[in-house]
Amino acid sequence: MMPAHETYDVIVIGAGAGGMTAAAVAAAEGLRVLMIEKTAFVGGTTAWSGGMVWIPANTKMKEAGLSDSITDAVQYLSSTVPEPANAGLRAAFLARGPEAVSYLEANTELRLQPVRAYPDYYPERLGATAGGRVLEPVAYDGKRLGKAFGRLRPPLPEFTLFGGMMVNRLDIPHLRRAGKSLRSTLRTARLMSAYAWQRLRVPRGTTLHLGNALAARLYASLLARQVEILFSADVEDLSMRGDRVAGVVIRHGSRDRLIASRRGVVLATGGFSHDASLRKRYFPAGAGLISATSTSGTGDGLRLAATAGAALDTDATSPAYWVPASLFRRADGSRGVFPHTVTDRAKPGVIAVNKAGRRFVNEALSYHEFVLAMLRDGNGEPDRPFYLICDRAFLWSYGLGRIKPFTRNYRRYVASGELVKSPDIAQLAAKIGVKPSTLAATVAVYNADAKEGRDGEFGRGSTVYQRHLGDAGHKPNPCVAPILRAPFFAMRIHPADLGTAIGMKVDAQARVLRGDGTPIVGLYACGNDMTSIMNGNYPAPGITLGPALTFGYIAGRHLAEASAAPPRAADVSA
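The structure presented is a predicted model; accordingly, all values stated were derived computationally and were not measured.

(A) A look at the overall build of the chain. Counting its secondary structure elements, the chain contains 16 helices and 21 strands. Against the 2.2 N^0.38 benchmark of 25 Å for 574 residues, the chain shows a C-alpha radius of gyration of 24 Å, consistent with a compact globule. Here the C-alpha coordinates of the chain stretch approximately 75 × 50 × 50 Å along the principal axes. Among the 574 residues that make up the chain, the fraction classed as buried is 58%. Here the contacts in the chain between residues at least 6 apart in sequence split such that 73% fall between residues at least 24 apart. Carbon and sulfur atoms form 53% of the exposed surface of the chain, whose accessible area is close to 22300 Å².

Here it is, written out as structure tokens:
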């Protein structure tokens, strides 16, 4: 279908968290909104994510009795994001983030709740908190979307159970204790029965959590406000009226069509993670081409903005947000990318080694810091091998990569080469191309300390954040246990990105800027299309979605407040 109208108040390009927020806010303010999405689904990478939203001093944490202040947040960011660049954007984020949360909860379907125990990534820094700055979406019943549920991007299958059941972080301990605890067994039975009932009607579970719930709630907000969404459509160009952006030229099927915008256009296309030429230009050589993001992020927004004279901010400390990832093939032949965020690296009984067979990092650091260590160790060498090493006790208790805990039959993972198995460390080393004596010595040194609950080399488990990611039931150190029980396993990991940090320069109103610092009237950006307000640093969970929602909100409100006279169709030229 083509758009129903020739002219809209606002056009939003890209249906991720930032774009949907901007569209929902503009619509809530009474504007006619068109959203253009190049794929067949809403949600973008958000729908695959953990859905965490970092907003310091938010009202939800205050209601939960958790203390925080903007002063503490400023102090924390001053050490974790020390560069002066984008200080004004960070100030706008801190000032308006709580406002955005309150507005969205009052005017849209978005509902968030504080995660009481989720520390900032550098908890030893002044101003850090142990939880509450991170908000997560309240679970959502996908049946409420009706037929539109099919337009919500499904979660990655590797993060679901039994072919499509989502679980939240509080369910996981109960699933692990099913059969051992009456309470956990009953909770697991309720989850399973609800899922079985849902599958009688739809292809996957409808109880949504994490990023899928966040995307679903924003999508429901668009539907409630009659936001028109054009799927599977490409924006060919921006339309200009003098020096202002006044619409877009779209390609839908084989036809081009000019759609005018009275107030402005919002770019929220997801960055450029899947554009090989831009990665080669801005990413370090050792980063390779692997991304854990939606394949739709190919730099469309950046290219469109360039035609209007937009400036690109390339001064980020890191050009992307990083995560170690393992690769595999799904049953349908597609390549899978599993991001090793929080499920395995920090658990007791696994280590990471480089191509020499030596540890190179504290495995319990944030995923971003972990990959920075990979890149430093690789020294620019492309496709440098790194491995996670564990024993059968670890694999059974915690899983590894997409291999879930309590997996009895892992032969298919070994047969495909995704998982390397050997009866002893020396043979494991030989299979992964590492000198056996070196890997044996690495494991021996680690084990000697681990038996006493220590990590003498890297201090794993030394902060509240690291211990949070470990196994609280394992004593004395939730992050450290020896690697002893044959057989032994290795899984190759690669540097991958969770999103780009290089983007368009914007001002505190989310307006895209020219090289001379002046705003391009009618052009806004949010999400990964705008520059990283953290300059490519990663101080806490949810520091991409927090700014995405905040600046999407800011863009929507500013568009609603804009007083520019609407352009006549005859005045709009491609």
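(B) Structural context of the pairing of strand β16 (residues 386–391). Of all the six residues making up β16, six are buried; the element is thus mostly covered by neighbouring parts of the structure. Burial of the side chains of β16 extends over both faces: F386, L388 and C390 are buried on one face and Y387, I389 and D391 on the other. Here strand β15 (residues 350–353) runs beside β16; their pairing, made up of four bridges, is antiparallel. Bridged to V353 within β16 is Y387.

(C) Spatial organisation of the nonpolar core. Grouped together as the largest cluster of nonpolar side chains are 167 residues, with contacts concentrated most on V248, L523 and F551. When near neighbours in sequence (up to four residues on either side) are disregarded, V248 contacts I11, I13, I36, V235, D237, L238, S239, R257, L258, I259 and V265.

(D) Structural context of helix α4 (residues 87–107). In this model α4 runs 29 Å from its N-terminal to its C-terminal C-alpha over 21 residues, within 8% of the 30 Å that 1.5 Å per residue would give. Of all the bends in α4, the greatest reaches close to 40 degrees and is centred on R96; the proline P98 follows between one and four positions later.

(E) Summary view of unusual backbone geometry. Looking along the chain, the bond that leaves K475 and enters P476 is cis, with omega of 0 degrees. Tracing the sequence through the fold places P476 in the loop between α15 (464–469) and β18 (488–500). For the peptide bond that leads from A486 to P487, omega is 0 degrees, which places it in the cis range. Mapped onto the elements, P487 comes out in the loop between α15 and β18. Of note in this structure, A510 is not a glycine but carries a positive phi near 70 degrees. Among the secondary structure elements, A510 is positioned in the loop between β19 (503–504) and β20 (511–513). A relative accessible area of 0% means that A510 is categorised as buried.

(F) Broad picture of the packing of aromatic side chains. In the structure shown here, the tally under the stated rule is 17 aromatic pairs. Considering the side-chain rings of W396 and F406, the 5.3 Å spacing of their centres and the 70 degrees angle between planes classify their relative orientation as edge-to-face. With W396 in helix α11 (residues 392–398) and F406 in the loop between α11 and α12 (411–416), this residue pair connects regions lying 10 residues apart in the sequence. Of the residues examined, W396 reaches a relative accessible area of 35% and is grouped as partly exposed. A relative accessible area of 30% means that F406 is categorised as partly exposed. Centroid distance Y410 to F489: 5.1 Å. Interplanar angle 85 degrees. Geometry classified as edge-to-face. Taken together, the positions of Y410 in the loop between α11 and α12 and F489 in strand β18 put the pair 79 residues apart, joining distant regions of the chain. A relative accessible area of 0% means that F489 is categorised as buried. In this structure, R151 is placed above the aromatic ring of F231, and the distance from its NZ or CZ to the ring centre is 4.1 Å.

(G) Representation of the environment of P539 within the structure. Following the sequence through the fold, P539 ends up in the loop between β21 (519–525) and α16 (545–561). Among all residues touching P539, those that are not within four sequence positions of it are Y76, L77, T80, V81, D120, Y121, Y122 and M534.

(H) Inspection of α16 at higher detail. For α16, spanning 17 residues, the distance from its first C-alpha to its last is 24 Å, which sits close to the expected 24 Å at 1.5 Å a residue. Among the 17 residues that make up α16, 14 are buried, leaving the element largely enclosed by the rest of the structure.

(I) Structural detail: the pattern of salt bridges. Under the counting rule described, the total for this entry stands at 30 salt bridges. Residues E63 and K60 are paired through a salt bridge, measuring 4.0 Å at the closest nitrogen-oxygen approach. Here E63 and its partner K60 are both found in helix α2 (residues 59–63), three residues apart, which amounts to about one turn of the helix. Look at E63 and you get exposed, because its relative accessible area is 63%.

(J) View of the environment of P155. By the secondary structure assignment, P155 is in the loop between β6 (140–141) and α5 (171–177). For P155 and T45, which are 110 residues apart along the polypeptide, the C-alpha to C-alpha distance reads 9.3 Å. Not counting chain neighbours up to four residues away, the residues in contact with P155 comprise A47, W48, T160, M166, R204 and N212.

(K) View of the packing of helix α1 (residues 17–28) against α4. Two elements in contact, α1 and α4, have axes whose closest approach is 11 Å; the angle formed by their N-to-C orientations is 65 degrees. Handedness of the crossing formed by α1 with α4: left-handed. Touching T21, V25 and A28 of α1 are Y103, L104 and N107, all from α4. Of the residues belonging to the contact of α1 with α4, the class tally is four nonpolar, two polar and no charged.

About the thresholds
Residues numbered from 1 in each chain as written. Predicted model: local features only at pLDDT ≥ 70, side-chain atom pairs only at ≥ 80, totals over all residues. Heavy atoms only, no water. Helix = DSSP H or I, 4+ residues; strand = E, 2+ residues; numbered from the N terminus. Rg over C-alpha atoms; globule rule 2.2 N^0.38 Å. Buried < 20%, exposed > 50% of the residue type's maximum accessible area, 1.4 Å probe, protein only. Contact = heavy atoms within 4.5 Å. Areas by Shrake-Rupley, 256 points an atom, 1.4 Å probe, with all protein chains shown as cover. Pairing = 2+ DSSP bridges. Core = buried A, V, L, I, M, F, W, Y, C linked by side-chain atoms within 4.5 Å. Expected span 1.5 Å × (residues − 1). Bend = angle between axes of the 7 residues up to and from the residue. Phe/Tyr/Trp six-rings, centres within 6.5 Å; stacked < 30°, edge-to-face > 60°. Lys NZ or Arg CZ within 6 Å of the ring centre and 35° of its normal. Salt bridge = Lys/Arg side-chain N within 4 Å of Asp/Glu carboxyl O. Axes fitted to C-alpha atoms, helices over the stretch in contact; angles between N-to-C directions. Left-handed = near helix turned anticlockwise from the far one by under 90°. Nonpolar A, V, L, I, M, F, W, Y, C, P; charged D, E, K, R; others polar.

Nothing here speaks to function; it is all geometry.
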